[in-house]
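Residue-level structural notes
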Amino acid sequence: MLKPEQIASVKGRGFLINRGTECFSGRLVCAGAVFTAADLRTISEIAEKFGSGKVTFTSRLSAEIVGIPFEQIDAACNYAAERGLYFGGTGAKIRPITACKGTTCVYGNYDTQALAKELHEKYYVGWANVKLPHKFKIGIGGCPNSCMKPSLNDFGIEGHRVPIFDEGTCRGCKVCMVEKSCPSKAAHVENGKLHIDEKCLACGVCTGKCPFKAVRHESPVVYRIYVGGTWGKQTRMGTPLSRFVTRAEIEPLLKKTMLWFKENAMPKERLGKAIDRLGIEKFEHDVFSDDLLNRREEILAK
């Protein structure tokens, strides 16, 4: 019989006990929310050599190899590492970063998978040994369709395009292609001119639709950041920050959010609970200044 300390010793490495057995499911984490064809062949080989031959996929896009005996865990880890794959994805630290297919999706406003890969290397890998008060999830979405549900992550990123409208160029077409394409019905022609009202979600769908470029065919991508989202027994929608941010601001904001979380949250308290306890005003004040970055080493040493 396996001892509790044996089961606990591999949990942090990405291996969870299978109910009613002495075997484990091991989670293989993909970088940038993408497995290559070669990765999938390796996953299949690991499942056949070390597990039960079955593979499931988690909500964090990890491949979970089912039925690995305890004594085969080290061999499975070595086999995967030799082929560029690694087990993990558990514990009170950054969890595998998820991203939608905004990279290839017609609604995607930017390369979501490239951003996921960058954050994976800097934080999932780079902060692998940083212990946080609780798990910390990062979700990346390409547009307000929210397929990856950024608002239900501790740090959610959602891409937007704010329409840039030039009323002087508008011809008040009888069939306005911007009005026709708008999914939120925020665009409508009145008195011979297009109007875009407060229902606009800045989803980017109208970009390029006006043949006369009254709505510009290009507009910069901006990002809505959600903080403190959770799902499960205790649900909390992520709080959107009070303004859109630029691409250059995302990585520093993420770093400051995790430093704020480490410094302010109580043990086993999720980020959303800490924000509710201390106030979104304090959170925004802290993450939109540089004090946390200036004290980075001090905070991480605690």
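The structure presented is a predicted model; accordingly, all values stated were derived computationally and were not measured.

The next thing to look at is the pattern of salt bridges. If you walk through the whole model with that rule in mind, you get 18 salt bridges. Its salt-bridge partner being Arg236, residue Asp276 comes within 2.9 Å of it at the nearest N-O pair. Of this pair, Asp276 sits in helix α7 (residues 271-278) while Arg236 is found in the loop between β11 (221-227) and β12 (239-240), placing the two residues 40 residues apart along the sequence. One salt bridge connects Glu263 with Lys302, and the closest N-O pair in it is separated by 3.4 Å. Of this pair, Glu263 sits in helix α6 (residues 247-264) while Lys302 is found in the segment after α10 (296-301), placing the two residues 39 residues apart along the sequence. Note on Glu263: relative accessible area 25%, which makes it partly exposed. Look at the salt bridges and you will find they share partners, linking Glu263, Asp291, Arg295, Glu298 and Lys302 into a network.

All right, on to the sheet that holds strand β8 (residues 155-161) then. As summarised here, the arrangement of the 5 strands in space is β6-β7-β8-β11-β12, forming an open sheet in which the pairing is mixed. Looking at which strands have only one partner, the edges of the open sheet turn out to be β6 (98-99) and β12. Taken strand by strand, α6 contacts β7 (138-141), β8 and β11, and its axis lies near 165 degrees from that of β8.

Taken residue by residue, helix α3 (residues 73-82) has Ile73, Ala76, Cys77, Tyr79 and Ala80 as its buried positions. The arc that holds every buried residue of α3, seen down its axis, measures 165 degrees, which confines them to one face. The secondary structure elements touched by the buried residues of α3 are α1 (4-11), β1 (15-17), β2 (23-29), α2 (37-50), β4 (63-69) and β5 (86-87). Immediately downstream of α3, the backbone of Gly84 shows phi near 80 degrees, a positive value.

Parameters at a glance
Residues numbered from 1 in each chain as written. Predicted model: local features only at pLDDT ≥ 70, side-chain atom pairs only at ≥ 80, totals over all residues. Heavy atoms only, no water. Salt bridge = Lys/Arg side-chain N within 4 Å of Asp/Glu carboxyl O. Helix = DSSP H or I, 4+ residues; strand = E, 2+ residues; numbered from the N terminus. Buried < 20%, exposed > 50% of the residue type's maximum accessible area, 1.4 Å probe, protein only. Pairing = 2+ DSSP bridges. Contact = heavy atoms within 4.5 Å. Axes fitted to C-alpha atoms, helices over the stretch in contact; angles between N-to-C directions. Arc of directions from axis to C-beta.

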